[in-house]
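Descriptive structure summary
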Amino acid sequence: MRYIIIILFLSLTFQTNGQQITVRDSINKEVISFSTISFGNGLGNFADEEGRFVFAKENYKDVDTLFISAMGYAEKMVLTKALPKDVLLKPEVSQLNEVVVSAPKQGKFKVRKQKPKTHGDIFASWLPTVESEVAVLFERHENKPSQISKLLLPINAETKYKTKGKGKFATIFRVNFYKNQGGLPGQPIGYENMVFSIDENEDKVFELDVTDEFIYIPENGIFVSLQVLGYENSKGRLAQTKQYREIKTARGIQKISTSFRPLLPFTNALPLEHTFVRRVFLNNKKWQIFDKSYNSKSKLIQSGHQNYGMGAEFKVFEN
């Protein structure tokens, strides 16, 4: 309950003292849901489902420029000293060509499952932050036409630690899809925003039904990623809260990204390294395989917990 009160307080603070901007399509003026708001310093936030973002200068004193982007649109730079009410993004033709319009496939199929790998060890789990995105590759089942009907997402809600003061939470995630480009996540594939909430009542594996999205796996596979957007407020929407905290150290003020629950259990039960990660506000959004080349000091990597064991249920068609 204490955590919910804190979230609501922060949300109200942003709404009262900050300036609300809305991200829209420059042509039809429709809102662009969950666009990315980068501060240019390795940190950032997201607009909500109605394209809104609240910027309070007192909360981001050293931020003078926002870089606003969304799939299918050109990035736009906006100065914080002259924030407009609406930020208009121009459609990017090269990205719009990737938008997928799928129809149901006809014919007989069998349901097959790739089991997820999960565990309850919080010390072998990834700490989700708004700056991080985790992706894994799915291939066609037995090299036959395959549709992903469910995503099976391993999670760790820390249920064993509830008696130690862990409060309630509700966190909003987004699933993204990418082409397989030489073994790396490549261009995004333009399915509709798949956004959902996970709370403390879920544990071990969260099942996300994506049957109606008609996600067919290309011949060379498809990357599926999981990305946290932030807390859910009392109205079931993305809360406009600060996604990092500032800590005074001997080296000055250090900005530490907020970590969210549930944690993502990484496994050592998969034979090959196949998990990719990136920081969406840093390093030009570059994907990297999660191994020693990414961070040799990572305790997850040192212990061999290098993969996110996302599973899936498939419809496998004969023809």
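Scroll up to find the structure.
Residues numbered from 1 in each chain as written. Predicted model: local features only at pLDDT ≥ 70, side-chain atom pairs only at ≥ 80, totals over all residues. Heavy atoms only, no water.

**Concerning the overall build of the protein**
Secondary structure summary: the protein contains three helices and 24 strands in total. Among the 319 residues that make up the protein, the fraction classed as buried is 46%. A sequence separation of at least 24 residues applies to 74% of the contacts in the protein between residues at least 6 apart. In the form shown here, the protein has an accessible surface area of approximately 16500 Å², with 50% of it arising from carbon and sulfur atoms. (Helix = DSSP H or I, 4+ residues; strand = E, 2+ residues; numbered from the N terminus. Buried < 20%, exposed > 50% of the residue type's maximum accessible area, 1.4 Å probe, protein only. Contact = heavy atoms within 4.5 Å. Areas by Shrake-Rupley, 256 points an atom, 1.4 Å probe, with all protein chains shown as cover.)

**As for the side chain of Thr22**
Summarising the element assignment, Thr22 is placed in strand S1 (residues 19-25). Ignoring sequence-local partners within four residues, the contact set of Thr22 consists of Val31, Glu50, Gly51, Arg52, Lys85, Asp86 and Val87.

**A word on empty space enclosed by the protein**
Tallied over the full model, the rule gives two cavities of 30 Å³ or more. There is about 40 Å³ of room inside the largest cavity. Lining the largest cavity are Trp126, Pro128, Thr129, Ser132, Glu133, Val134, Phe173, Leu226, Gln227, Val228 and Leu264. Class assignment for the residues of the lining of the largest cavity results in seven nonpolar, three polar and one charged. Taken as a whole, the second largest cavity holds about 30 Å³ of empty space. (1 Å grid on protein atoms, 1.4 Å probe; cavity = no way out; pocket = protein on both sides within 12 Å on 5 of 7 lines; lining within 4 Å. Points joined across faces, edges and corners; volume = space filled by probe spheres on them. Nonpolar A, V, L, I, M, F, W, Y, C, P; charged D, E, K, R; others polar.)

**A word on the layout of surface pockets**
For the second largest pocket, the calculated volume is near 910 Å³. Ser125, Trp126, Leu127, Thr129 and Ser259 are, among the 30 residues lining the second largest pocket, the residues nearest its centre. Elements represented by at least two residues in the lining of the second largest pocket include exactly strand S9 (125-126), strand S19 (252-257) and helix H3 (299-302). Counted by class, the lining of the second largest pocket contains 13 nonpolar, nine polar and eight charged residues.

**Considerations on the sheet that holds strand S3 (residues 44-46)**
In space, the four strands of this open sheet follow the order S3-S2-S5-S6, with antiparallel pairing throughout. Either end of the sheet is taken by a strand with one partner, and the two such strands are S3 and strand S6 (76-79). Each adjacent strand pair in this sheet contributes to an overall mean axis angle of 25°, direction not counted. Summarising the sheet, strand S2 (residues 36-38) and strand S5 (residues 65-69) pair through three bridges and their orientation is antiparallel. The partner of Ser38 across the bridge, within S5, is Phe67. (Pairing = 2+ DSSP bridges. Axes fitted to C-alpha atoms, helices over the stretch in contact; angles between N-to-C directions.)

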